[in-house]
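Coordinate analysis (summary)
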Amino acid sequence: MNETVEVDDRGNVAVEAEMTLEEKNAQLARGYIVPGIDIEGVVCSDVTEEDFGEIDDWIERMKFVCDSLNGAGLALTQIGVAKNVIIKKNEKGEYDTIINPIIYRNGGKVKTIEGCLSYPDEFYHLVRFKSVGYVYYDWNGKDLVKRTGKVKRFDSFVFQHETDHLKGITIAMKGALVDADKVPKSTGENGEEIIRVPQL
Ligand SMILES: [Zn+2]
């Protein structure tokens, strides 16, 4: 593979359609997400004891990618590994690690606008549950630790967006594309437009 990596201004690596999976993964191993990587329909499998040696490395790569692209969360499948692992920024700005999650509906539905790091510059309307309950496993560096609880609004949308990824479902598959001029924006200090929709 050519060692010169083309990176666009969003930090995305250029991937040639004719690249083999090994070559794509080599690009991903550099810590970048690849938009358009084939995640639609890719169903992830649970993390088991056999994977324990990989988890720290996966989390490190996911954090790097999420930070690089200013994301609010990321599923491992978005960087090319089809295992049930998510990272999600919490209210302290730190990442929660969410392994083998199961979520269930807890309340009514609401319309959202969401962006996805796998579809740069596209935003979609979706219908989400207002809140969800969850069971997942945290990683303490040695073992999986069970967590249960409930989250609402933004946190619950992140859970729903990311657990969809684990099932091979994306916002481009189940949402309705929002016109670029209808995406909520605010103006930054230097007058630049800032998109206010979180990307996950
Ligand atoms: Zn996404």
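Residues numbered from 1 in each chain as written. Predicted model: local features only at pLDDT ≥ 70, side-chain atom pairs only at ≥ 80, totals over all residues.

**A closer look at the sheet that holds strand β6 (residues 131-139)**
Put simply, the rule reads: Criterion used throughout: strands pair if DSSP finds at least two bridges between them. Helix and strand definitions follow DSSP, with helices as H or I runs of at least four residues and strands as E runs of at least two, each counted in order from the N terminus. Simply put, an axis is a line fit to the C-alpha atoms, just over the touching stretch for a helix, and the angle between two N-to-C directions goes from 0 to 180 degrees. C-beta atoms are first placed from the backbone for all residues, and any pair lying within 7 Å is then listed as a contact.
Read across the open sheet, the 5 strands follow the order β1-β2-β3-β6-β7; overall the sheet is antiparallel. Each end of this open sheet is capped by a strand with a single partner; those strands are β1 (73-75) and β7 (144-152). Strand after strand, the sheet turns through a mean of 35° between neighbouring axes, direction not considered. Pairing analysis gives 5 bridges linking strand β3 (residues 95-105) to β6, with the strands arranged antiparallel. Note that in β6 the partner of Ile103 across the bridge is Tyr134. Each of β1, β2 (85-89), β3, β6 and β7 is contacted by helix α3 (residues 153-166), which is oriented at about 125° to β7, the strand it contacts most.

**Digging into the nonpolar core**
We apply this condition: A set of buried residues qualifies as a nonpolar core if it consists of Ala, Val, Leu, Ile, Met, Phe, Trp, Tyr and Cys joined through C-beta atoms within 7 Å. Backbone-placed C-beta atoms define the burial measure: a residue is buried with 20 or more other C-beta atoms within 10 Å of its own, exposed with 12 or fewer, and partly exposed in between.
One finds Met62, Leu74, Leu76 and Val85 to be the most contacted residues of the largest nonpolar core, which totals 29 residues. Elements that contribute at least two residues to this core include exactly α2 (52-68), β1, β2, β3, β5 (119-129), β6 and α3. Apart from the residues within four sequence positions on either side, Leu76 is in contact with Trp58, Met62, Val81, Lys83 and Val85.

**Notes on the environment of Lys142**
Looking at the secondary structure, you find Lys142 in the loop between β6 and β7. You can call Lys142 exposed: it has 8 C-beta atoms within 10 Å. Along the backbone, Lys142 and Gly53 are 89 residues apart, and their C-alpha atoms lie at a distance of 9.0 Å.

**Regarding α3**
Short version of the rule: The length a helix should cover is 1.5 Å for every residue beyond the first.
With 14 residues, α3 should reach 20 Å at 1.5 Å per residue; the first-to-last C-alpha distance of 20 Å fits that figure. The buried fraction of α3 amounts to 11 of the 14 residues, a majority that puts the element mostly inside the structure. Of all the positions in α3, only Asp155, Ser156, Phe157, Val158, Phe159, His161, Glu162, Thr163, Asp164, His165 and Leu166 are classed as buried. Gly168 sits one or two residues past α3 and shows a positive phi near 80°.

**Some details on the sheet that holds strand β8 (residues 176-177)**
Read across the sheet, 3 strands follow the order β4-β5-β8 without closing on themselves; strand pairing throughout is antiparallel. In this open sheet, the two strands that pair with only one neighbour each are β4 (109-116) and β8. This element, α3, spans β4 and β5 of the sheet and lies at about 110° to β5.

**A short note on unusual backbone geometry**
For Asn100, which is not a glycine, the phi torsion comes out positive at approximately 50°. Of note, Asn100 is situated in strand β3. Among the residues examined, Asn100 registers 19 C-beta atoms within 10 Å and is labelled partly exposed. With a phi close to 70°, Asp121 is a non-glycine residue in the positive phi region. When you line up the elements, Asp121 lands in strand β5.

**Examining the pairing of β5**
Pairing of β4 with β5 involves 8 bridges; the strand directions are antiparallel. Each residue of the ladder has a partner; that of Gly115, found in β5, is Phe123. Where β4 folds back onto β5 in an antiparallel hairpin, the turn is made up of 2 residues. Where β5 and β8 come together, 2 bridges link them in antiparallel fashion. Bridge pairing in β8 places His125 opposite Ala176.

**Remarks on the confidence of the model for the protein**
A low pLDDT means the predicted coordinates there should not be read in detail. The criterion, for reference: In predicted models, pLDDT denotes the confidence assigned by the predictor to each residue on a 0 to 100 scale.
Residue-level pLDDT values for the protein average 85, and 82% of them are 70 or greater. Overall, residues 1-5 carries pLDDT values under 50, and its contacts beyond four positions in sequence, including any with other chains, amount to 5 contacts.

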